[in-house]
Amino acid sequence: MMAEAGAGGPRLAELLALGRRLWDELEASTEPSSGAPAVQDKVRQGLDALQRAAAMVTQLELFSENEELEEIASADLKFMLLPALLGALTLKQVDLSRRREHLESAREHFLRFLKLCRSYGLGSFQLPPGEEEAGSPSGAPRDPAQPNLVAMAMSRTAKIERYKQKKELENKLASMSSCVESGTADEDQIREFYILQIQKWIGTSLEEIESIDQELVILKSRDAARPAPAGPRGPSRPARALVKPFILTRDAAQARVFGAGYPGLPTMTVDDWYEQRRRQGIVSQQGFGEPGSPPCASDEEMQKQQKETEEEEDDEEALRKARDWDDWKDTHPRGYGNRHNMG
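Residue numbers here run from 1 along each chain, matching the order of that chain's written sequence. Since the coordinates come from a predicted model, pLDDT governs what is reported: local features require at least 70, and pairs of side-chain atoms require 80 or more to be given and counted, while whole-chain, interface and lining totals use all residues. Side-chain measures here rest on the full set of heavy atoms in the structure, leaving out hydrogens and waters.

1. As for the pattern of salt bridges
At step 1: Salt bridges are counted wherever a side-chain nitrogen of Lys or Arg sits within 4 Å of a carboxyl oxygen of Asp or Glu. If you walk through the whole model with that rule in mind, you get twelve salt bridges.
At step 2: Glu 215 is paired through a salt bridge with Arg 99; the nearest N and O atoms lie 2.9 Å apart. Taken together, the residues span a long stretch of sequence, with Glu 215 in helix α7 (residues 187-225) and Arg 99 in helix α4 (residues 99-119) at a distance of 116 residues.
At step 3: Here the term buried applies to any residue with accessible area under 20% of the maximum for its type, exposed to any over 50%, and partly exposed to those in between, with areas from a 1.4 Å probe on protein chains only. Looking at Glu 215, the relative accessible area reads 24%, which means it is partly exposed. What counts as a helix is a DSSP run of H or I of at least four residues, what counts as a strand is a run of E of at least two, and both are numbered from the N terminus.

2. Looking at the packing of aromatic side chains
At step 1: For Phe, Tyr and Trp, where Trp contributes only its six-membered ring, two rings pair if their centres lie within 6.5 Å, and the inter-plane angle classes them as stacked under 30 degrees, edge-to-face over 60, or tilted in between. Inspection of every chain in the model, using the stated rule, returns three aromatic pairs.
At step 2: Between Trp 23 and Trp 201 the ring centres are 5.8 Å apart and the planes differ by 55 degrees, which places this aromatic pair in the tilted class. Here the residue Trp 23 occupies a position in helix α1 (residues 12-27), and Trp 201 occupies one in helix α7, the gap between them amounting to 178 residues.
At step 3: A relative accessible area of 12% means that Trp 23 is categorised as buried.
At step 4: Residue class for Trp 201 comes out buried when judged on its relative accessible area of 7%.

3. Notes on the layout of surface pockets
At step 1: Using a 1 Å grid laid over the protein atoms alone, points where a 1.4 Å probe fits but cannot get out form a cavity; open sets with protein on both sides within 12 Å along at least 5 of 7 lines form a pocket; any residue with an atom within 4 Å of a point counts as lining. Grid points are joined across faces, edges and corners, and a volume is the space filled by probe spheres set on the points. Space inside the largest pocket adds up to approximately 870 Å³.
At step 2: Along the walls of the largest pocket sit 29 residues, with Arg 20, Trp 23, Asp 24, Gln 197 and Trp 201 positioned nearest its centre.
At step 3: Contributing elements (two or more residues each) for the lining of the largest pocket: α1, α6 (156-181) and α7.
At step 4: Asp, Glu, Lys and Arg are counted as charged, while Ala, Val, Leu, Ile, Met, Phe, Trp, Tyr, Cys and Pro are counted as nonpolar; the rest, among them Gly, fall into the polar class. Looking at the lining of the largest pocket residue by residue, the class counts come to 14 nonpolar, three polar and twelve charged.

4. A few points about α7
At step 1: Helix span, as expected, comes to 1.5 Å for every residue beyond the first. Relative to the 57 Å expected for 39 residues at 1.5 Å per residue, α7 spans 57 Å between its end C-alpha atoms, a close match to the ideal helical length.
At step 2: Definition of a polar contact: a pair of N or O atoms within 3.5 Å, with one able to donate and the other able to accept a hydrogen when the atoms are protein atoms, and with sequence-neighbouring residues admitted only if both atoms are side-chain atoms. Two or three places before Asp 188, at the start of α7, stands the capping residue Asp 186, its side-chain oxygen 3.3 Å from that residue's backbone nitrogen.

5. A few points about the side chain of Gln 197
At step 1: With respect to the element layout, Gln 197 can be found in helix α7.
At step 2: Exposure remark for Gln 197: the relative accessible area of 11% places this residue in the buried category.

6. Considerations on the confidence of the model for the protein
At step 1: Each residue carries a pLDDT value, the predictor's own confidence for that position, ranging from 0 to 100. Looking at the protein as a whole, its pLDDT mean stands at 78, while 66% of the residues score no less than 70.
At step 2: Looking at the elements of the protein, mean pLDDT is at its lowest for helix α5 (residues 147-150), recorded as 48, and at its highest for helix α3 (residues 82-90), recorded as 97.
At step 3: Any two residues whose heavy atoms approach within 4.5 Å at even a single point are treated as in contact. pLDDT under 50 marks residues 144-152. Its contacts with residues more than four places away, or in other chains, come to 18 contacts.

7. Considering the environment of Leu 196
At step 1: Relative to the helices and strands, Leu 196 is located in helix α7.
At step 2: The spacing of Leu 196 and Lys 172 is 24 residues in sequence and 8.1 Å in space, taken between C-alpha atoms.
At step 3: In this structure, Leu 196 is in contact with Leu 169, Lys 172, Leu 173 and Met 176, ignoring residues within four places of it in sequence.

Quick look at the structure:
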């Protein structure tokens, strides 16, 4: 059955050609970042064209599980690539907040393509573990978090063989593409060309699903290890009362002296300060510090404050004596008071 054009809109072949062209441009792009606006704009355009084409294929019922490969027209074989191209373009989206969603969507596209190829007997391959068709003895529910899905990779020898086959397919396609695209190829050449393309994308889809499953395991492990948020602003911390500046003195006499020298700052003895803090519930009967803190920590804090106070007192006393001595020398000339041997 040949795919026909939809009335008033682009033909199915035109949508597929647009999606393929954008994909080829993205693969050959020299943009330094896949998140560049120009790159992501092509990704969106390509996805839109291929999704519209896929909807047309479904509406036309272009492929059926009840028919054989020989029943498909050669010109229609290329539309089998739609799911694989959709998966490849979906992976090129760079929104990290939706990375897991994009991975799972791309995986479904690749898997749909593989199952379609499997139903027509295209290629010799096995579906990923747990993805066999319904009714298959080996069918089982898929759980990407299980290690066996990560271990679905082929052996090293099989991977080397698959790589060789991929290179052979690419060489054949390169030698046939100009003939097919120019319209000079006959029916058999066109059919072989599209079947080779399908076989190439079978290998690509298997590799992508393997890579997707590995990344999904990492993402799920990371999400499971991430702690639950404690709230919009994180865990609340107890508010600390603001303490206005003051001078801490040893006793009431020092409080009067310092109060006279620094009228802008209130003075408070150690006992008064302790009593005030105890009334506020900041210190306990056993020691200073936060409620429930060990007495030893409060003692150390008190000793530190007392040492600082003593050092300040020593500095003030030394400064006061020096000033008094300078004042005395100004008013008492040298030799003042020496009355020895004078009448």
